[in-house]
Amino acid sequence: GREENPEYINYVRLGGGLVEGALGASWDVLSNNKWLVKFETLQFRILGIKVVEKELSAQGVWRMEYLDDDFRILYAAGGVNVPKENVYILSK
């Protein structure tokens, strides 16, 4: 089944974790391959110490096409009245 109130945190770590950025988001399922992604928090740490934490209110619509077991294409549109989508090619 689909999760209720799903959440996701995307981490980027540099220098073996000396610097870390974290972007927190949740999403609503719109269809089998489309989601409304809501970006909620942004946080940065240096040497494990939080130096920035910001609440976000951005959102966008993501849709995914699966090419095979290894490749997929993510189309991401965001912001108010943004007519274009960014395209990401993802592989395992």
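Residues numbered from 1 in each chain as written. Predicted model: local features only at pLDDT ≥ 70, side-chain atom pairs only at ≥ 80, totals over all residues. Heavy atoms only, no water.

Colleague: Sorry if this is basic, but what is going on with the environment of V29 here?
Modeller: Mapped onto the secondary structure, V29 falls in strand β2 (residues 19–31). Sequence spacing of V29 and P83 is 54 residues, and the spatial spacing of their C-alpha atoms is 21 Å. (Helix = DSSP H or I, 4+ residues; strand = E, 2+ residues; numbered from the N terminus.)

Colleague: Honestly, the packing of aromatic side chains in this entry has me stumped. Any pointers?
Modeller: When we look at a pair of aromatic rings, we describe it by the centre distance and by the angle of the planes. In total, this model carries one aromatic pair according to the counting rule given. For the pair F39 and W62, a centre-to-centre distance of 6.1 Å together with 55° between the ring planes defines the contact as tilted. Highlighted residues: F39 in strand β3 (residues 34–46) and W62 in strand β5 (residues 59–66), separated in sequence by 23 residues. You can call F39 buried: its relative accessible area is 19%. (Phe/Tyr/Trp six-rings, centres within 6.5 Å; stacked < 30°, edge-to-face > 60°. Buried < 20%, exposed > 50% of the residue type's maximum accessible area, 1.4 Å probe, protein only.)

Colleague: Hey, could you run me through unusual backbone geometry in this one?
Modeller: Its identity as a non-glycine residue notwithstanding, L47 has a phi of 55°, on the positive side. Within the fold, L47 resides in the loop between β3 and β4 (49–55). We classify L47 as exposed; its relative accessible area is 62%.

Colleague: Looking at this structure, how should I read the nonpolar core?
Modeller: For soluble globular proteins, the rule of thumb is that nonpolar side chains tend to be buried together. Among the nonpolar cores identified, the biggest contains six residues, and these are A25, W35, V37, F39, M64 and L74. The element that contributes the greatest number of residues to this core is β3, accounting for three residues. Ignoring any residue separated from it by four or fewer positions in sequence, one finds W35 in contact with W27, D28, V29, L30, G60, V61, W62, R63 and M64. (Core = buried A, V, L, I, M, F, W, Y, C linked by side-chain atoms within 4.5 Å. Contact = heavy atoms within 4.5 Å.)

Colleague: Is there a simple way to think about the pairing of β4 in this case?
Modeller: On any regular strand, side chains alternate: one points to one face of the sheet, the next to the other face. Both β3 and β4 contribute to a ladder of six bridges, which runs antiparallel. For I46, the partnering residue across the bridge sits in β4 and is I49. Connecting β3 to the antiparallel partner β4 that follows it, the hairpin turn spans two residues, and L47 within it adopts a positive phi of roughly 55°. (Pairing = 2+ DSSP bridges.)

Colleague: Teacher, can you tell me more about the side chain of S26 here?
Modeller: Among the structural elements, S26 can be located in strand β2. Relative accessible area serves as the criterion here: at 8%, S26 is assigned to the buried category. Looking at S26, its side chain comes within polar contact range of the side chain of E40, at 2.6 Å. Sequence-distant contacts of S26, that is, excluding residues within four places in its chain, are made with P6, E7, L36, V37, K38 and E40. (Polar contact = N/O pair within 3.5 Å; in protein donor to acceptor, adjacent residues only side chain to side chain.)

Colleague: Help me out: how do you make sense of the pattern of salt bridges in this one?
Modeller: Pairs can form between side chains of opposite charge whenever their charged atoms are close. For the coordinates displayed, the defined rule picks out five salt bridges. Salt-bridge contacts for K50 lead to E53; the nearest nitrogen and oxygen are separated by 3.0 Å. Between R63 and E85 there is a salt bridge whose closest N-O contact spans 2.9 Å. Of the two residues, R63 sits in strand β5 while E85 sits in the loop between β6 (71–78) and β7 (86–91), which places them 22 residues apart along the sequence. A residue is classified by how much of its surface remains accessible, and R63, at 25% relative accessible area, is partly exposed. (Salt bridge = Lys/Arg side-chain N within 4 Å of Asp/Glu carboxyl O.)

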